[in-house]
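One letter stands for each residue in the lines below.
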Amino acid sequence: MLSRAACSASRRLVPAVACPGSRQKHSLPDLPYDYNALEPHINTEIMKLHHSKHHAAYVNNLNATEEKYQEALHKRDVTAQIALQPALKFNGGGHINHSIFWTNLSPKGGGEPKGELLEAIKRDFGSFAAFQEKLTTVSAGVQGSGWGWLGFNKERGRLQIAACPNQDPLEGTTGLIPLLGIDVWEHAYYLQYKNVRPDYLKAIWKVINWENVSERYMACKK
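In this convention, every chain numbers its residues from 1, walking through the sequence in written order. Two thresholds apply to this predicted model, a pLDDT of at least 70 for residue-level local features and 80 or more for giving and counting side-chain atom pairs, whereas whole-chain, interface and lining totals are computed over all residues. Heavy atoms throughout the structure, all of them, feed into the side-chain values; hydrogens and water do not.

Points about the environment of Tyr189
Mapped onto the elements, Tyr189 comes out in the loop between strand S3 (177-183) and helix H6 (190-193). Burial here depends on accessible area, computed with a 1.4 Å probe over protein chains only, as a share of the maximum for the residue type. Under 20% is buried, over 50% is exposed, and the range in between is partly exposed. You can call Tyr189 buried: its relative accessible area is 2%. Pairs of residues are marked as contacts when any of their non-hydrogen atoms sit within 4.5 Å. Other than its neighbours up to four places away in sequence, Tyr189 contacts Ile46, Val184, Lys194, Arg197 and Tyr200. Helix numbers and strand numbers start at the N terminus; a helix is a DSSP run of H or I with at least 4 residues, a strand a run of E with at least 2.

Set out below in structure tokens:
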């Protein structure tokens with residue numbers, strides 16, 4: 001089960017490799033299922049490359065950028081700190097986004113959510129079908145690379161749909177707490193669905209882990 005810490009998961013990721021006397025480094029999280037578990041909706045080759053190559057690259061580049069940033073802080077080099085901000089945003093966002101994405105998927109997923117999340121979806125979007133259509137449309141409409149998101153607006157106590165370009169993290173750029181993310185970078189689907197993003201979006205609904213999304217929602221309501 002997720003704790004209240006789930007609400008701050010997009011703000012920071014707890015480093016997993018500790019070295020005495022040095023900065024702790026981020027590490028690639030294990031998938032909660034095998035690479036072939038989401039077949040036939042997302043094939044094995046995509047999952048393996050997406051996780052072990054693309055996500056791993058974000059982690060490695062984030063660690064390298066943070067080392068440079070720490071050096072710039074130590075030297076009080078403000079120019080270097082500013083110059084490193086885009087790399088921190090891109091690679092940090094890539095790590096945050098994918099760490100959420102993997103848990104949002106499940107071989108036992110699909111269908112509709114239950115309980116309070118479903119009621120909130122009906123309240124804020126009219127029906128589950130209307131919500132699904134809106135998030136699909138927003139995700140399909142992302143120009144180039146980016147993400148479609150279902151987020152929670154803490155101030156309003158409402159669900160909200162948003163799109164983020166590139167690897168911009170949802171909470172860090174919009175203030176919304178991420179509940180469900182749909183990766184629409186081509187590396188997430190091209191090997192199977194070519195350039196037909198709508199087919200990928202149709203398929204991904206069949207592996208959405210509504211239990212995970214619901215746990216995120218319940219944790220952030222508190």
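Side note on the side chain of Asn153
The residue Asn153 is located in strand S1 (residues 146-153) in this model. In the analysis that follows, any N or O atom pair within 3.5 Å is treated as a polar contact, provided that within protein one partner can donate a hydrogen and the other can accept it, and provided that, for residues neighboring in sequence, both atoms belong to side chains. At 3.0 Å, the side chain of Asn153 forms a polar contact with the backbone nitrogen of Arg156. The residues contacting Asn153, other than those within four sequence positions of it, are Arg158, Gln160 and Leu176.

A look at the packing of helix H1 (residues 44-74) against helix H2 (residues 78-103)
Between H1 and H2, the shortest axis-to-axis distance is 8 Å and the interhelical angle comes to 145°. In terms of crossing hand, the pair formed by H1 and H2 is left-handed. Only Asp, Glu, Lys and Arg are considered charged, only Ala, Val, Leu, Ile, Met, Phe, Trp, Tyr, Cys and Pro nonpolar, and every remaining residue, Gly among them, polar. Split by residue class, the contact of H1 with H2 holds 15 nonpolar, 13 polar and two charged. Here, axes are lines fitted to C-alpha atoms. For helices the fit covers the stretch in contact, and angles between N-to-C directions go from 0 to 180 degrees. It is the rotation of the near helix from the far one that decides the hand of a crossing: anticlockwise by less than a right angle makes it left-handed, clockwise makes it right-handed.

Brief notes about the pairing of S3
Where burial is concerned, most of S3 is hidden: seven out of the seven residues are buried. Sheet topology note: the S1/S3 ladder contains six bridges and is antiparallel. Opposite Trp147, over in S3, you have Asp183 as the bridge partner. Each pair of strands is called paired provided DSSP finds at least two bridges between the two strands.

Focus: the packing of aromatic side chains
For Phe, Tyr and Trp, rings pair up if their centres lie within 6.5 Å, where Trp contributes its six-membered ring, and each pair is then called stacked (planes under 30 degrees apart), edge-to-face (over 60) or tilted (otherwise). All told, the structure shown has 14 aromatic pairs when counted by the stated rule. For the pair Phe101 and Trp147, a centre-to-centre distance of 5.5 Å together with 85° between the ring planes defines the contact as edge-to-face. Residue Phe101 is found in helix H2, and its partner Trp147 is found in strand S1; the two are separated by 46 residues along the sequence. Here Phe101 matches Trp147 in class, with each residue buried. For the ring pair Trp147 and Trp149, a centre distance of 5.5 Å and an interplane angle of 20° mean the geometry is stacked. Both residues of the pair, Trp147 and Trp149, count as buried. Cluster of aromatic residues (ring-pair linked, three or more members): Phe125, Phe128, Phe131, Trp205 and Trp210.

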